[in-house]
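Residues per chain, in single letters:
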Amino acid sequence: MAVSDRTSAQPGVVPKPPGSPKMRVLLISHYHPELIRGGAQQCCYELFQGLKEEPDVEPFFLAGTDDSYPALYKQGACITGFDGRENEFLYLSADYDHLWHRTTSTRHIAAFADLLETLRPDVVHFQHFMLLGIDMLTLTRTVLPHCRIVFTFHEYLTMCDARGHMVRLTDGSLCSGPSPIRCHQCMPHYSPDHFVMRKQWFMRHLSVADRYACACHFQVAQHIDWGIDPSKIFVVPNGERSKASAALPAPGDGPKNRFGFFGQFVDVKGVQIILRAVDILRSGGFTGFRVELNGDNIRFATSGVRNEIETFLAAEDQRPVPQQNVFNNGSYHVEQIEPRMLRIDWSLVPSIWWETFGLVISEAWMFQRPVICSNVGGMAERIQDGVNGLHFQVADPRSLAAAMHRAATEPGLWQKLSMAAPQAPSRTDVVKGYRALYEH
């Protein structure tokens, strides 16, 4: 049916396709988690897997990709299947404008519209917009005026052009909120008026959504302050299937001095803060601890941070084995997390931005591993200092070193905090949360 043939309808109405009792949901992610690891895409795929278990839902998964995997591109194709899997597709991004976050390729715009026409989903859920474009929300409303559009904020990219982290490029400090002047200070090559227009551009396209979601209350408050309608934005914690396959082994009687990092080796995840804390501990004469690093994507770190991490690890490898405190285990798949998590006592989450949720916190709870985290954002919202984990001052390696020393030496602390670790949000929880937004 041509767009011009459609009759007008109130946005948000979710009519069932003729003859189909199932609600059709199209989930859109900026990457596929099996190609590029990351929390946002993992959350989206967990939701997709959960919706597949709902008897009255037919979900579809569309993930963007870029030149990280050039061989996946097919000449003349804009959207393809993924690995022969049912209802999974790749959007082969091209001509993407990273300044305004829009697709300039008319072929790709037409291909996305054709996909909407073909699938005719009742719900289009943008778990991200990057690689497709924020203007795809408006295109979706035009092509499918009856559908319900849900948009999830995974970071602050809509309001912050500094990679969506709300970290000031001037000095690395946390930004309390965007403004034309503050944004201009971070990016002086753009005038304050540019950031006024940028906000108008994003607000224009976000306005067509029926519901918005964030993973924590802190993030909701930030977006309301920015201008999102408070009556349309809700907290839906990220849920996932438990990675613990069996009953956990009983903890030993020895010191709880094994620390682990899980995630991406990029600036805002704070691996460099851990390494600086290690240097501080060793310079103070404390060496009775072990740090295991698990992750990858160091290629996305800035050159300075990448050089710091690689230089530290190279020097660590040259130490005699008894003097080594840091071990880099490299990349891992989510299904491989159990043996790595069981080798540690404490999970370190040293992010230097307003982390909005932190899937690794949930994963640590699955194994009753207490978390030591930065004292800001969604991390501080989930972890209560001294109750079910420990806080340290964000981006402060001395504060982290003090927390690690306490964790490794204070009798009974690990047992107390481990027992208080709450149940992590499940895949069932996230499906229930989003179905409420799809249907009401």
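Caption draft 1: Highlighting the nonpolar core. Grouped together as the largest cluster of nonpolar side chains are 137 residues, with contacts concentrated most on Phe 151, Phe 259, Ile 372 and Tyr 438. Looking at which element gives the most residues to this core, the answer is helix H7 (residues 271-283), with 7 residues. Those residues within four positions of Phe 151 in sequence are excluded, and the remaining contacts are Phe 126, Phe 129, Ile 134, Leu 137, Thr 158, Leu 206, Ala 209, Arg 211, Tyr 212 and Ala 213.

Caption draft 2: A look at the environment of Lys 416. Within the element layout of this structure, Lys 416 appears in helix H13 (residues 413-419). The spacing of Lys 416 and Gly 386 is 30 residues in sequence and 9.0 Å in space, taken between C-alpha atoms. Excluding its chain neighbours within four sequence positions, the residues that come into contact with Lys 416 are Gly 386 and Val 387.

Caption draft 3: Highlighting the packing of helix H2 (residues 106-119) against helix H3 (residues 136-143). At a minimum axis separation of 10 Å, H2 and H3 run at an interaxial angle of 45 degrees. One finds that H2 runs oblique with respect to H3. The two elements H2 and H3 meet at a crossing, and its hand is right-handed. Two secondary-structure elements touch here, H2 through His 108, Ile 109, Phe 112, Ala 113, Leu 116 and Glu 117 and H3 through Met 136, Leu 139, Thr 140 and Val 143. A class-by-class count of the residues in the contact of H2 with H3 yields 7 nonpolar, 2 polar and 1 charged.

Caption draft 4: Geometry of empty space enclosed by the protein. By the definition in use, this model includes 3 cavities of 30 Å³ or more. Around the largest cavity, the lining comprises 14 residues; the ones closest to its centre are Cys 160, Asp 161, Ala 162, Cys 183 and Cys 186. With 3 residues, the single largest contributor to the lining of the largest cavity is helix H4 (residues 180-186). When grouped by side-chain class, the residues that make up the lining of the largest cavity number 11 nonpolar, no polar and 3 charged. If you add up the space inside the second largest cavity, you get close to 40 Å³. Partitioned by chemical class, the residues of the lining of the second largest cavity number 4 nonpolar, 4 polar and 1 charged.

Reading guide: rules and limits
Residues numbered from 1 in each chain as written. Predicted model: local features only at pLDDT ≥ 70, side-chain atom pairs only at ≥ 80, totals over all residues. Heavy atoms only, no water. Core = buried A, V, L, I, M, F, W, Y, C linked by side-chain atoms within 4.5 Å. Buried < 20%, exposed > 50% of the residue type's maximum accessible area, 1.4 Å probe, protein only. Helix = DSSP H or I, 4+ residues; strand = E, 2+ residues; numbered from the N terminus. Contact = heavy atoms within 4.5 Å. Axes fitted to C-alpha atoms, helices over the stretch in contact; angles between N-to-C directions. Parallel < 35°, antiparallel > 145°, perpendicular 65-115°, else oblique. Left-handed = near helix turned anticlockwise from the far one by under 90°. Nonpolar A, V, L, I, M, F, W, Y, C, P; charged D, E, K, R; others polar. 1 Å grid on protein atoms, 1.4 Å probe; cavity = no way out; pocket = protein on both sides within 12 Å on 5 of 7 lines; lining within 4 Å. Points joined across faces, edges and corners; volume = space filled by probe spheres on them.

No statement about biological role is implied by the geometric values presented.
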